[in-house]
Amino acid sequence: MKYTSLLLLVFLHLTTTLVGQKNTCNLSLSTFRADNNSVPPNYDISITGSTNAICKNVNVTLQCQGNPTIHGESVPVTNGTFRYTFPYINCPCNGASSNFTIDIECADDKTCKISRTLEIPCPVIKCPSITNVNATIGACVGLRCKKQSITFTPIVSGSYDSYSWNFGDGIIVTNMGVSTSIVHEYSHFPEGEPTFTIFKNGCIPIIHPIDLQQFQPCDDCPDENSINLSQLLSNKCNLTGSIGTIGTRFCEEQYTTFIINYGDNSQSESHNISQLNNFPISHDYPNDGEFLFTVQLLKNGEESCVFSKPITISDCKKVIIDDDDDDDDDSSCFFCFCTDNIICCILYALFIASIIAMGISLIIALCVKVSTKAWIAFGIAVALAIGLGIALSLICDYSICQLLLGIGIGSAINWAIVCETNAVTLFAPCTSWFCQMSRFSILGFRMKNSLIVNILLYILLAIFCGISQFLI
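One numbering rule holds for all chains: residues counted from 1, following each sequence as written. At least 70 in pLDDT is required for a residue's local features to be given in this predicted model, at least 80 for side-chain atom pairs to be given and counted, and no such filter applies to totals for whole chains, interfaces and linings, which use all residues. To get the side-chain values, take all heavy atoms of the structure and skip hydrogens and water.

(A) Representation of the sheet that holds strand E7 (residues 113-121) within the structure. We call two strands paired when DSSP finds no fewer than two bridges between them. A run of DSSP states H or I qualifies as a helix once it reaches four residues; a run of E qualifies as a strand once it reaches two. Both are numbered from the N-terminal end. Across the sheet, four strands lie side by side as E4-E3-E6-E7; this open sheet has antiparallel pairing. If you trace the sheet from one side to the other, it starts and ends with strand E4 (67-76) and E7, each paired once. Direction aside, neighbouring strands of the sheet carry axes that sit 20 degrees apart on average. Pairing analysis gives seven bridges linking strand E3 (residues 57-64) to strand E6 (residues 97-106), with the strands arranged antiparallel. Counted as the bridge partner of Val 58 is Cys 106 from E6. A fitted line through C-alpha atoms represents every axis, and for helices the fit uses only the stretch in contact; the resulting angles, taken between N-to-C directions, go from 0 to 180 degrees.

In structure tokens:
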């Protein structure tokens, strides 16, 4: 019996110890690692651990030393173990390494917790470099709208993640991986500078310009016979018609504008290439001659394709003043119209003579009062003046101003013969209103009505011809 009390005491101590151990929290961390399945400095942080039955859940908190952001999760405990992964955690390098701190706390016993630190060496990133980009100029490709084919081949040292081609003409090609070579076709010289760019995580983009000094765009002019210029017709000084439809369509991306050159030192403004088909033509030439009419297609603002047709201008009746005369650069000579054709000049002199005869016969019939023969002569003179005026207008192409000038010259001679020399009125003085004097009270002198009529006639002639010339 003396051992019974001792055995009871031992049993009670063991029972108390076991119960106390069962109610005590235990936490342990089995693994704490960083996987760089994602691109550094982004990591997947994984943990595994164990605890006793008192903890049903654990609170897990992760923090990067170089990043103040704290990531926390509540993780369930299954059969005494727990595991969790924090995906894609950014932790910049602090010197030569990145430091992660993990804090684990039993949700059922706040006093039960552990803390661990994981140090990860920073990866060494070697940035690539572009040695050169070779541009191999190929043949002109295409059946109609030819383009210049160029093969670009980059020479790169080191690896990179992605690349981008900028061809300078608005086309950009970007892709992942490595570019060995690429072919691009140009319609014209690029407005911008072509470049090749490579990208690698942790490195600044590397941009390399591409030299295209040897590049020449393909010249794709339409066939000489494809532009129809047969619809252009000349009528004396005027050229009219239109530019016919082009037989083969040209590259609008190459040729954006066109200019018409008339061959007489004058040309049209620049027009959009879309207006070329059936473009209307109306142009006046300064004189007779042979002129070369041309249509110029422009590429990049410069002449590229030229199509021409000789134009013959005849019977224009316009005279160009000698270019050496700087004082009179007018292309027409109003008082030289009688030098073109001797027959027209004779008809014009007869026209003036008929005006003179018409005036004299009228004065004789009114003033001297001879027989009706004077009226017959007047009628013949009127008919002759009308006939000669029509002939000068239709056959000799005289203007109304030139005819009025003849009438004015004839009237002035009438005034001199009838009222100043009295050559017609020797048998009897002329007492008609035409030869009477009139006083100008404002000017203070007297003047014969014949002179007044002639002055008014010349004033009206100058006004009429000036207005007509301005309108033309």
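(B) Region of the structure containing unusual backbone geometry. One non-glycine residue, Tyr 88, adopts positive backbone phi at about 55 degrees. Checked against the element boundaries, Tyr 88 lands in strand E5 (residues 81-90).

(C) Layout of the packing of aromatic side chains. In summary, the pairing rule links any two rings of Phe, Tyr or Trp, Trp by its six-membered ring, whose centres are within 6.5 Å, and it sorts them by plane angle into stacked for under 30 degrees, edge-to-face for over 60 and tilted for everything else. Counted according to the given criterion, the structure contains twelve aromatic pairs. Aromatic side chains Phe 152 and Phe 167 sit 5.7 Å apart centroid to centroid with 40 degrees between the ring planes, which places their arrangement in the tilted category. Of this pair, Phe 152 sits in strand E9 (residues 147-157) while Phe 167 sits in the loop between strand E10 (162-166) and strand E11 (172-176), placing them 15 residues apart in sequence. Phe 167 carries the same exposure label as Phe 152, and that label is buried. An angle of 90 degrees between the planes, with centres 6.2 Å apart, marks the rings of Trp 375 and Phe 378 as edge-to-face. One end of the pair, Trp 375, and the other, Phe 378, are both in helix H3 (residues 373-394), three residues apart, so they sit about a helical turn from each other. For the exposure calls, accessible area comes from a 1.4 Å probe over protein chains only, and a residue counts as buried if that area is under 20% of its type's maximum, exposed if over 50%, partly exposed in between.

(D) Local environment of the pattern of salt bridges. A carboxyl oxygen of Asp or Glu within 4 Å of a side-chain nitrogen of Lys or Arg is what we treat as a salt bridge. With the rule as written, the count across this model stands at two salt bridges. Note that Glu 105 is salt-bridged to Lys 110, the shortest N-O span being 3.7 Å. Given the relative accessible area of 49%, Lys 110 is considered partly exposed.

(E) Representation of the sheet that holds E10 in the model. What the four strands build is an open sheet, ordered E11-E10-E13-E14; its pairing is antiparallel. On the outer flanks of this sheet lie E11 and strand E14 (206-209), each paired with one strand and no other. The average undirected angle you get between the axes of adjacent strands in this sheet is 15 degrees. Here strand E13 (residues 195-199) pairs with E14 via four bridges, running antiparallel. Pairing of Thr 195 across the sheet is with Pro 209, part of E14.

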